[in-house]
Amino acid sequence: MKKVVVLATGGTIAGAGEPGKNVGYKSGAIEAADLVAAVPGLAQVAQVSVEQVCNINSDDVTSAIWLRLLSRIKELAVKPDVDGVVIMHGTDTMEETACFLALTLDVQKPVVLTGAMRPATAAEPDGPTNLLLAVKVAVGGVAAVAGGTASGGRVLLAFAGKVMDGLSAQKIHANALDAFVGMPVGVGALPHFELDGVAELPKVAVLYFNAEADPAQVAFAAGRSEGIVVAGAGAGEFSEAWIAEIKKCVSGPGKRVPVVVSTRISNGEVVPEQLLVPGTVAAYALPPAKAAVLLRLALTQTQNPGSIQKFFKKFVV
Ligand code: ASP
């Protein structure tokens, strides 16, 4: 029988609250071994072992945890008796963890993220079904399951009956069980980052532009981080006041940080030809949170906006 290792990190799938209720629970409250043992039919699909990496709400995930997952998956992937890895993860930042792993892992075995929208103590929890799906994909590949948009990349996200590429999966519903879709982020050869010796990633701030948004946020963020991602309006636009502040970030006399311009719109892209401030970087089709992951990775190699732009150029629609 094939062997799968489940790396558990917490989330709603491990959440506990008032029995029968879907809301008002605590994420990351139940040990993963107990959750896995309770999934009907799992033992017929694979021999599953469980490692509890952490037990948190995924809104508390850190780059140190991403790096811990990365190094453990690398260790497991070279073991001849391991066929695949499943990561149990909170849904809120699952796409960021998936994006990080897609850009840093180079393994030939499936790595499948899953989670749940309802806690384990709900009347009808979705975690067991999602976990069963993820394990099936980990042993049988994408072909094991119908539906979804995955092209067969190694980092996958299995959720609510669908299998998606980890890089393109995006949470698009705050409450529904079918919370993820695979967005078309057309990629050629992906950037790949080796992080040997890196203990944590540089901090990056994501700034959301809205009508009359306070431009003082820009200087504040520049002072406290190594880079900024702007979730601009439309195809990456913002006000004259923001233009003035962002100009200072990229070419002023004070601290300079790279600024990547993404969009708060869920479809489409930001291209270099439309950038309002010379010296900023176009995120192309990467949404703000994933653009922040790529910028954090890029900053381990370079601060040069031209070099950073080359990484983003891979993500055209
Ligand atoms: N807040 C939870 C988490 O991301 C939500 C979930 O798992 O669905 O950990």
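Residues numbered from 1 in each chain as written. Predicted model: local features only at pLDDT ≥ 70, side-chain atom pairs only at ≥ 80, totals over all residues. Heavy atoms only, no water.

K.L.:
What exactly am I supposed to notice about the overall build of the chain here?
P.N.:
For the chain, the helix and strand inventory stands at nine helices and 14 strands. Computed over C-alpha atoms, the radius of gyration of the chain comes to 20 Å, within 12% of the 20 Å expected from 2.2 N^0.38 for 317 residues, which places it in the range of a compact globule. In terms of principal-axis extent, the alpha carbons of the chain reach across some 60 × 40 × 35 Å. By the burial criterion, 51% of the 317 residues in the chain qualify as buried. (Helix = DSSP H or I, 4+ residues; strand = E, 2+ residues; numbered from the N terminus. Rg over C-alpha atoms; globule rule 2.2 N^0.38 Å. Buried < 20%, exposed > 50% of the residue type's maximum accessible area, 1.4 Å probe, protein only.)

K.L.:
What should I look at first to understand the sheet that holds strand 5 (residues 155-159) in this one?
P.N.:
The sheet built from six strands is open, its strands ordered 2-1-3-4-5-6 with mixed pairing. Strands at the two margins of the open sheet, each flanked by one partner only, are strand 2 (47-56) and strand 6 (162-165). This sheet shows a mean twist of 25 degrees between the axes of neighbouring strands, independent of strand direction. When strand 1 (residues 3-10) meets strand 2, the two strands line up parallel, connected through seven bridges. Counted as the bridge partner of Val-6 is Val-50 from strand 2. Where helix 4 (residues 94-104) meets the sheet, its contacts fall on strand 3 (84-88), strand 4 (111-114) and strand 5, and the angle it forms with strand 5 comes to roughly 155 degrees. Sitting on the sheet, helix 5 (residues 127-140) is in contact with strand 1, strand 2, strand 3, strand 4, strand 5 and strand 6, with an inclination near 155 degrees to strand 3. (Pairing = 2+ DSSP bridges. Axes fitted to C-alpha atoms, helices over the stretch in contact; angles between N-to-C directions. Contact = heavy atoms within 4.5 Å.)

K.L.:
Quick question: what am I supposed to make of the packing of helix 4 against helix 8 (residues 288-298) here?
P.N.:
Angle between the axes and distance between the axes: these two values describe a pair of packed helices. Contact geometry for helix 4 and helix 8: axes closest at 9 Å, N-to-C directions at 35 degrees. For the pair helix 4 and helix 8, the sense of crossing is right-handed. Residues Glu-95, Glu-96, Cys-99, Phe-100, Leu-103 and Thr-104 of helix 4 form the contact with helix 8, whose participating residues are Ala-289, Lys-290, Val-293, Leu-294 and Leu-297. Within the contact of helix 4 with helix 8, the residues separate by chemical class into seven nonpolar, one polar and three charged. (Left-handed = near helix turned anticlockwise from the far one by under 90°. Nonpolar A, V, L, I, M, F, W, Y, C, P; charged D, E, K, R; others polar.)

K.L.:
Looking at this structure, how should I read the site of the ligand?
P.N.:
Taken together, Gly-11, Thr-12, Ser-27, Asn-57, Ser-58, Asp-59, Gly-90, Thr-91, Asp-92 and Ala-116 make up the full set of residues near the ligand. Here Asp-59 contributes a side-chain N or O atom positioned 3.3 Å from a nitrogen atom of the ligand. For the ligand, an oxygen atom lies 2.4 Å from a polar atom in the side chain of Thr-91. Here the ligand, which alone exposes 270 Å², has 92% of that area covered by the protein. Residue classes in the shell around the ligand are distributed as one nonpolar, seven polar and two charged. (Near = heavy atom within 4 Å. Polar contact = N/O pair within 3.5 Å; in protein donor to acceptor, adjacent residues only side chain to side chain. Areas by Shrake-Rupley, 256 points an atom, 1.4 Å probe, with all protein chains shown as cover.)

K.L.:
Would you mind showing me how to read the side chain of Thr-93 here?
P.N.:
Inspection of the secondary structure puts Thr-93 in the loop between strand 3 and helix 4. Residue classification places Thr-93 among the buried residues on the basis of a relative accessible area of 9%. Every residue in contact with Thr-93, bar those within four places of it in the chain, is listed here: Ser-58, Asp-59 and Val-61.

K.L.:
Even after reading the chapter, I still don't get the nonpolar core, so can you show me in this structure?
P.N.:
Counting residues in each nonpolar core, the largest one holds 82 residues, and the members touching the most others are Phe-100, Ile-228, Phe-238, Trp-242, Val-260 and Phe-312. No other element matches helix 3 (residues 63-77), which puts eight residues into this core. Setting aside its immediate chain neighbours within four residues, Phe-312 contacts Val-260, Val-281, Ala-282, Ala-283, Tyr-284, Leu-286, Ala-291, Leu-294 and Leu-295. Core analysis: the second largest hydrophobic core is formed by 26 residues, Val-4, Leu-133, Val-135 and Leu-156 among them. (Core = buried A, V, L, I, M, F, W, Y, C linked by side-chain atoms within 4.5 Å.)

K.L.:
Explain the side chain of Ser-63 to me, please; I cannot follow it from the model alone.
P.N.:
Structurally, the position occupied by Ser-63 is in helix 3. In this structure Ser-63 touches Glu-200, Leu-201 and Arg-296, once residues within four positions along its chain are discounted.

K.L.:
I tried to follow the environment of Tyr-208 on my own but got confused; where do I start?
P.N.:
Within the secondary structure, Tyr-208 is located in strand 10 (residues 204-208). Remark: the alpha-carbon pair of Tyr-208 and Pro-288, spanning 80 residues in sequence, is separated by 8.9 Å.

K.L.:
I tried to follow the sheet that holds strand 10 on my own but got confused; where do I start?
P.N.:
Strand pairing in a sheet is mediated by backbone hydrogen bonds. Such pairs are either parallel or antiparallel. Spatially, 10-11-12-13 is the arrangement adopted by the four strands of the open sheet, whose pairing is parallel. Edge positions in the open sheet fall to strand 10 and strand 13 (281-282), since each of these has one partner strand only. Note that strand 11 (residues 227-232) and strand 12 (residues 259-263) share five bridges and pair parallel. From the neighbouring strand, Ala-231 faces strand 12, where its bridge partner is Ser-262. In the packing of helix 8 onto the sheet, the strands contacted are strand 10, strand 11 and strand 12, and the crossing angle to strand 11 comes to about 160 degrees.

K.L.:
What is the right way to read unusual backbone geometry from this model?
P.N.:
Most peptide bonds adopt trans geometry, and most residues besides glycine take a negative phi value. Even without being glycine, Ala-160 reaches a positive phi, approximately 50 degrees. Following the sequence through the fold, Ala-160 ends up in the loop between strand 5 and strand 6. Among the residues examined, Ala-160 registers a relative accessible area of 30% and is labelled partly exposed. Non-glycine residue Tyr-284 carries a positive phi angle of around 50 degrees. Mapped onto the secondary structure, Tyr-284 falls in the loop between strand 13 and helix 8. On the basis of relative accessibility, which here comes to 8%, the residue Tyr-284 falls in the buried class.

Function cannot be read off these values alone, since they describe shape.
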